Amino acid sequence: MSVLEIPAVLNRIASAEAEGIGLLDDPSLLRDVELCRSWGYPLAFDQGRVRLARDPDAIVPVWIESETRGIAWGKTRVRGFFEIGSTNDEALSCARAGAAEGTLIYAVRQTAGKGRLGRKWISPAHSGLYFTLILRPHQPLSQWPILTHVASVALFESLRDLGKEGIIPNELAIDLKWPNDILLSGKKTAGILLETALGGAEAAVVGVGVNIAPESVPVSLSDQATAVGLEAGVPIPRRWLLVRFLKHFQNGYRRFSAGRFAEILDDWKRRSTMWNGVEITVTEGDRIRAAVTCGLSATGALKIRTADGNEETVLAGDVSVRRQ
Ligand code: ADP
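### Things to note about the domain arrangement of the protein
Quoted interface sizes are often the accessible area lost when the parts come together. Each assigned domain of the protein is listed with its residue range as follows: domain 1 (4–52), domain 2 (61–269) and domain 3 (274–321). Distance from the C-alpha centre of domain 1 to the C-alpha centre of domain 3: 52 Å.

### Notes on the sheet that holds strand E6 (residues 103–110)
Sheet architecture is open: eight strands sit in the order E1-E5-E6-E7-E11-E10-E9-E8, paired in mixed fashion. Strands at the two margins of the open sheet, each flanked by one partner only, are strand E1 (4–5) and strand E8 (174–177). Judged from the four bridges that link them, strand E9 (residues 181–184) and strand E10 (residues 187–197) form a sheet pairing that is antiparallel. Residue pairing in the sheet places Ile-182 in a bridge with Ala-190 of E10.

### Description of the site of the ligand
By nearness alone, 16 residues border the ligand, and Arg-116, Arg-119, Lys-188, Asn-211 and Ser-320 come closest of all. Here an oxygen atom of the ligand and a side-chain polar atom of Asn-180 are 3.0 Å apart. Within the side chain of Asn-211, one N or O atom sits 2.8 Å away from a nitrogen atom of the ligand. In isolation the ligand exposes 580 Å². Once the protein is present, 89% of that is buried. Under a 2 Å grid-point criterion requiring more than half of the atoms, the pocket assigned to the ligand is the largest pocket.

What counts, and at which threshold
- Residues numbered from 1 in each chain as written.
- Predicted model: local features only at pLDDT ≥ 70, side-chain atom pairs only at ≥ 80, totals over all residues.
- Heavy atoms only, no water.
- Domains from an automatic or database assignment.
- Pairing = 2+ DSSP bridges.
- Helix = DSSP H or I, 4+ residues; strand = E, 2+ residues; numbered from the N terminus.
- Near = heavy atom within 4 Å.
- Polar contact = N/O pair within 3.5 Å; in protein donor to acceptor, adjacent residues only side chain to side chain.
- Areas by Shrake-Rupley, 256 points an atom, 1.4 Å probe, with all protein chains shown as cover.
- 1 Å grid on protein atoms, 1.4 Å probe; cavity = no way out; pocket = protein on both sides within 12 Å on 5 of 7 lines; lining within 4 Å.
- Sits in = over half its atoms within 2 Å of the grid points.

The following block contains the structure:
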């Protein structure tokens, strides 16, 4: 598996913004700058100095850190990669090694992006947003699944802000599908993957993958998946969306930390059309059943009524659901 960390020079150039940094006689710096350019960073040379344009699409660690000052976890600490297997896997190993709450792993491209139940999240370069946030929640483990709802609502609000703030010409048709998907015009556009590191490390990692540019949509899934840029018809600034997400997420996380779980689930329900009275199929291993949704449990699990009239609660870790 190839791991390619974003070189430190990018942060140096970004911090020096207007004046840029000099590259005179340092071939290793020049090599790193060329590497950043080849991964799409808008770097410009001028009389032996190099500058980075403050483009809201450019995912630059120090800019994310400065744009989220005063956030619920104190400071966001960003580790950026051009390429990595899975940002969740990296976050889990950082969490086990003691990384602080608010550490964010970001990748331009994932070579082994993960979905639930061992599935893959296809994550091509430059066209999506892939990151994982490390948290150290103090609430009981049984409530941690609600962090998926916190993240889903935060992503919903960030996407809505694109329209509200005139970054895109029209409002998006956003829906939340239990447990972890964000749909645009009924098609899957983003997914959340919550995982935990336990046995001493006690961390939750919240992974987010968003299809941004049209090329991020896997060809084999084009009838059921879409991208934010495809729905909006204009390019989407990725760092802007990421920072917006972190700000919305912290609001939900403050509620979570205060034990206000019902409010979080109500927020999620208000934004989803699927949790009550909708005919679905439920897949659990080889078993496929028809059911009707009938609510959420106190920990965010889905309540369903099956064909024989029984009510059951199904867990995000066990089943997939589809609208019939
Ligand atoms: P579920 O649809 O059951 O909620 P997951 O949340 O685990 O599934 O997401 C993994 C699934 O998402 C994959 O099996 C695949 O069908 C689909 N998928 C993978 N990559 C993408 C992508 N970039 N955009 C949309 N859907 C994707």
